[in-house]
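# Structural overview
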Amino acid sequence: MLRLSRVSTVKPPPRPAAALLVTMLVFAVLPGLSCRATTAGIRPATAILSPEWDSLNIQSLGFVTVGSSVGDEVARQMVEGILEGQLSSNQDRFVVLGVQTARARAAAAGAGDVFDRLVKVWHDERVADKFLVESLCTKMGVDGLLFGELSDWKREKVGVTEEGSSFTQVEMRLVILSGKTGMIVWEAQKMIRQDTQLYTPGGDDTGVASDNEASARDRRLGGLAPEPPRPEDLVVDVLASIMAAFSPRPTK
């Protein structure tokens with residue numbers, strides 16, 4: 001059994017962005033993501049469990065928020081929306097209250113300020129006060145809280161006069177905090193990078209290039225430099241890998 005460990009780094013809060021634009025972007029990408037959620041061949045991420053995990057019997061979670069260290073608030077909110085959709089449609093291990101439902105339940109129990117405080121500190125520092133976690137779980141009637149972190153979001157296009165590949169890279173982490181202990185008791189992290197085929201600015205030669213998944217692809221000759229893959233597509237694969245690492249239900 002791996003022992004749970006983590007290092008928190010204080011980072012500046014993400015830059016503000018127009019909420020309406022983010023909402024429009026999330027709804028624009030979600031319809032195209034559902035068909036990717038069951039991508040074949042996704043390997044589970046490596047999860048780190050607390051020694052107490054089995055005894056805690058965590059079955060229900062309140063999804064609080066996604067924090068980000070990439071400085072892109074639009075990306076953060078988009079990822080939060082995608083994660084909420086994936087939790088509701090592509091896993092059945094936990095009963096998960098979405099962000100708005102969780103916030104509404106906390107407010108109805110007189111703990112809306114506690115919920116908002118946890119959100120702010122997680123956005124700023126990716127940490128959570130154990131006593132606030134315990135209190136909020138009790139008032140919300142859930143076994144634990146779920147937080148996410150977007151730690152990498154790169155999308156780079158090869159120059160039209162350069163030989164190389166465009167690529168997109170996304171890395172995320174999910175953590176579960178117990179309502180009984182207030183501590184992180186499960187976490188998993190996954191990074192996926194996807195490259196386009198090799199681009200050559202002109203020339204008559206051909207060749208073969210291998211991506212970091214060791215699959216062969218044809219060499220691209222001339223023409224326009226390829227666009228990097230859509231990061232929201234990679235988010236779905238990253239989350240599929242992380243959610244595949246959810247611990248199975250305890251045997252009865």
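Fair warning: this is a prediction, and the values are worked out from it, not measured in the lab.

### Focus: the overall build of the protein
On a plain count of helices and strands, the protein comes out with seven helices and 10 strands. When each of the 252 residues of the protein is scored for burial, the buried share is 46%. Long-range pairs, those at least 24 residues apart, make up 74% of the contacts in the protein between residues at least 6 apart in sequence.

### Some remarks on helix H5 (residues 112-125)
With 14 residues, H5 extends 20 Å between its outermost C-alpha atoms, agreeing within 8% with the 20 Å of an ideal straight helix rising 1.5 Å per residue. By the burial criterion, the buried members of H5 are Gly 112, Val 114, Phe 115, Leu 118, Val 119, Trp 122, His 123 and Asp 124. Two residues or fewer past H5, Arg 126 is found with a positive phi of approximately 60 degrees.

### Regarding the side chain of Arg 126
Its place among the elements puts Arg 126 in the loop between H5 and helix H6 (130-140). Among the polar contacts listed, one links the side chain of Arg 126 to the backbone oxygen of His 123, at a separation of 2.4 Å.

### So, the sheet that holds strand E2 (residues 60-68)
The strands making up a sheet associate through backbone hydrogen bonding, with each pair oriented either parallel or antiparallel. Overall, mixed pairing links the six strands, which are arranged E1-E6-E5-E4-E2-E3 in an open sheet. Only two strands of the sheet have a single partner each, and these edge strands are strand E1 (47-49) and strand E3 (95-97). On average, each strand axis in the sheet is inclined to that of its neighbour by 20 degrees, with strand direction left out of account. Pairing geometry for E2 and E3, over three bridges, is parallel. The partner of Gly 62 across the bridge, within E3, is Leu 97. Running over the sheet, helix H7 (residues 231-243) touches strand E4 (144-156), strand E5 (167-178) and strand E6 (184-195) and is turned about 40 degrees from E5.

### Digging into the pattern of salt bridges
Using the criterion set out here, one finds 13 salt bridges in the structure. Across the pair Lys 130 and Glu 134 runs a salt bridge whose closest N-O atoms are separated by 3.1 Å. Linking Lys 130 with Glu 134, this pair stays in helix H6, spanning four residues, or about one helical turn. You can call Lys 130 partly exposed: its relative accessible area is 28%. Between Arg 173 and Glu 149 there is a salt bridge, with its nearest N and O atoms 3.0 Å apart.

### A closer look at unusual backbone geometry
If you check the backbone angles, Asn 57 has positive phi at about 50 degrees while not being a glycine. Positive phi values are uncommon outside glycine, yet Arg 126 reaches one of about 60 degrees. A residue is classified by how much of its surface remains accessible, and Arg 126, at 2% relative accessible area, is buried.

### Considering the confidence of the model for the protein
Confidence along the protein averages 82 in pLDDT terms, with 75% of residues attaining 70 or more. Low pLDDT, under 50, characterises residues 1-39; the stretch is placed with 67 contacts to residues that sit more than four places away or in other chains. This model gives residues 203-222 a pLDDT under 50, and the stretch forms 40 contacts once residues within four places in sequence are excluded.

### Some points on the pairing of E2
By the criterion of burial, E2 is predominantly enclosed, with nine of the nine residues buried. Taken together, the seven bridges between E2 and E4 define a ladder with parallel strand orientation. Bridged to Leu 61 within E4 is Gly 144.

### Observations regarding the nonpolar core
A general feature of soluble globular proteins is that nonpolar side chains tend to end up buried together. Judged by nonpolar contacts, the single largest core of 35 residues is most densely connected at Trp 53, Ile 58, Met 172, Ile 176, Trp 186 and Ile 242. Tallying contributions element by element places H7 first for this core, with seven residues. In this view, Met 172 contacts Val 79, Glu 149, Leu 150, Ser 151, Ala 188, Gln 189, Lys 190, Val 235, Val 238, Leu 239 and Ile 242; residues no more than four positions away in its chain are not counted. Ranked by size, the runner-up nonpolar core spans 21 residues in total, among them Val 114, Val 133, Leu 136 and Val 142.

Parameters at a glance
- Residues numbered from 1 in each chain as written.
- Predicted model: local features only at pLDDT ≥ 70, side-chain atom pairs only at ≥ 80, totals over all residues.
- Heavy atoms only, no water.
- Helix = DSSP H or I, 4+ residues; strand = E, 2+ residues; numbered from the N terminus.
- Buried < 20%, exposed > 50% of the residue type's maximum accessible area, 1.4 Å probe, protein only.
- Contact = heavy atoms within 4.5 Å.
- Expected span 1.5 Å × (residues − 1).
- Polar contact = N/O pair within 3.5 Å; in protein donor to acceptor, adjacent residues only side chain to side chain.
- Pairing = 2+ DSSP bridges.
- Axes fitted to C-alpha atoms, helices over the stretch in contact; angles between N-to-C directions.
- Salt bridge = Lys/Arg side-chain N within 4 Å of Asp/Glu carboxyl O.
- pLDDT = per-residue confidence, 0-100.
- Core = buried A, V, L, I, M, F, W, Y, C linked by side-chain atoms within 4.5 Å.

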